[in-house]
Amino acid sequence: MKTVLIGVGQAGGKLTAALQSFDQQMGFGAVLDAVGVNTAKTDLQSLPFETVLIGQDRVNGHGVGGDNELGAEVMESDKTEVMSALDGRVTAKTESIFVVAGLGGGSGSGGAPVLAKALRRVYDIPVYVLGILPGEDEGAMYQVNAGRSLKTIARESDAVLLVDNDAFRSSGESMRAGYDAINDAIAKRVGLLLAAGEAVEGVGESVVDSSELINTLRAGGIAALGYASAEASDVAEENINAVMSTTRRAVLTGTSLPDASTADSALVVVAGRPEVVPRKGVERARRWVEDETGSTQVRGGDFPLESGRLASLVLLGGVERSGRVESFMERAREAIEEADTVVRGDPTEQWANDELEDLL
Ligand code: GDP
């Protein structure tokens, strides 16, 4: 799926750079272009693509300091400038736009929903958000910001592909090295998914195309992506079990949003050398995903890739009723209630609480 990426905020910019770099390294050509947007000047400096500094009149390039309402206001005032940076980048070839943002901070959290809404009014291709949820051990402000942002994004975008930082965090790493590793892991998964939706000439008919990705996300709301890989045998028949087990692992232990296995729709993509990907295995894996998710809308296909391994990618659409989303919203609600007790009677906090109530 030919895509233009817009990274908003610090996490959004860094993840966008990782996505672009993975796509270039693999030679996929699914990422057509990328733009970075932020209120903090220093966060834009290291990004290897065009950037737009917003809110200069309000924060003078110093960022919004985790205030996502300010992040939203600033995006609202400067969105024309951001949209102009996209002129000539979003072309007739572009099949989707991804707004990439960390939902726990200020610029990305507040700015992404405003930008997604503006983009949808202008373009008639889907506008998706790739959103990062804060880890459980991050402070209350992050949970509150992410709770508010998620609700708005789910309404204002065509779908939110949600990534939980806790799903990728490994212990013993510094925060910074940790983020780089998380970004690389997400870039690989999302990069493969985008590339899988590219038409590949001269290969069998079960190859996935962009419309299948778009249809899987058509109902909107929250989506998650699972991934797992294994060594491949040179004989297709011998890989049936490998395809089954990578698919199970992708859904049960490898999703970007843990415990998100109740879904409205799904797309199963098996990547590997075409001559060793077993058709029977892909069909069996697809049926297993139907049973596991309880969805009757499960698409499946393969993605020809020169590799000694086989990988299963499972895109799950409509996962908002999953345990993880519910427990995150509970966490956000508790954080808001605590904030409520501190700022007693603050009408904005009460409003936020009401907003969260009707997400579930
Ligand atoms: P903003 O610049 O105001 O939008 O704020 P950030 O992008 O720094 O958002 C903060 C949230 O993003 C927190 O929940 C962090 O855990 C997360 N975060 C910050 N940097 C990264 C990163 O490089 N990768 C990932 N995956 N998460 C990040």
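Residues numbered from 1 in each chain as written. Predicted model: local features only at pLDDT ≥ 70, side-chain atom pairs only at ≥ 80, totals over all residues. Heavy atoms only, no water.

Keep this limit in mind: UniProt positions are given in the numbering used here, feature names are shortened, and annotations may be inferred rather than shown by experiment.
Per an unreviewed UniProt entry, the chain carries the name Tubulin-like protein CetZ and comes from Haloferax marinum. Quoted straight from UniProt, the Function (unreviewed entry) entry for the chain says "Involved in cell shape control." Under the UniProt heading Subcellular location (unreviewed entry), the entry covering the chain gives this text: "Cytoplasm".

### Remarks on helix α5 (residues 107-122)
For clarity, the cut-off: Counting from the N terminus, the helices are the DSSP runs of H or I reaching at least four residues and the strands are the DSSP runs of E reaching at least two. Multiply 1.5 Å by the residue count of a helix minus one, and that product is the helix's expected span. When a residue's accessible area, from a 1.4 Å probe over protein chains only, is under 20% of the maximum for its type it is buried; when over 50% it is exposed; and in between it is partly exposed.
Between its first and last C-alpha, α5 extends 22 Å over 16 residues, near the 22 Å set by a 1.5 Å rise per residue. For α5, the buried fraction is high: 12 of the 16 residues fall into the buried class. For α5, the set of buried residues is Ser107, Gly108, Ser109, Gly110, Gly111, Ala112, Pro113, Val114, Leu115, Ala116, Ala118 and Leu119.

### Here's the deal with helix α11 (residues 279-293)
Since the α-helix turns once every 3.6 residues, residues separated by three or four places project in the same direction. The condition that has to hold: By the convention used here, residues are in contact when the closest approach between their heavy atoms is within 4.5 Å.
Between its first and last C-alpha, α11 extends 21 Å over 15 residues, near the 21 Å set by a 1.5 Å rise per residue. At its buried positions, α11 is contacted by α10 (240-252), β8 (265-272), β9 (298-304) and β10 (309-317).

### Quick look at the UniProt feature "binding site: GTP" (unreviewed entry) in the chain
With numbering aligned to this structure, UniProt lists the feature "binding site: GTP" (unreviewed entry) at Gln10, Ala11, Gly12, Gly13, Lys14, Gly106, Ser107, Gly108, Glu138, Asn165 and Asn183. Residue position: Gln10 is located in helix α1 (residues 9-26). On the accessibility criterion, Gln10 (44% relative accessible area) is partly exposed. For Gly106, the location among the structural elements is in the loop between β4 (96-102) and α5. Once you skip the residues sitting within four places of it in the chain, Gly106 turns out to touch Val64, Gly66, Asp67, Asn68, Gly71 and Gly111.

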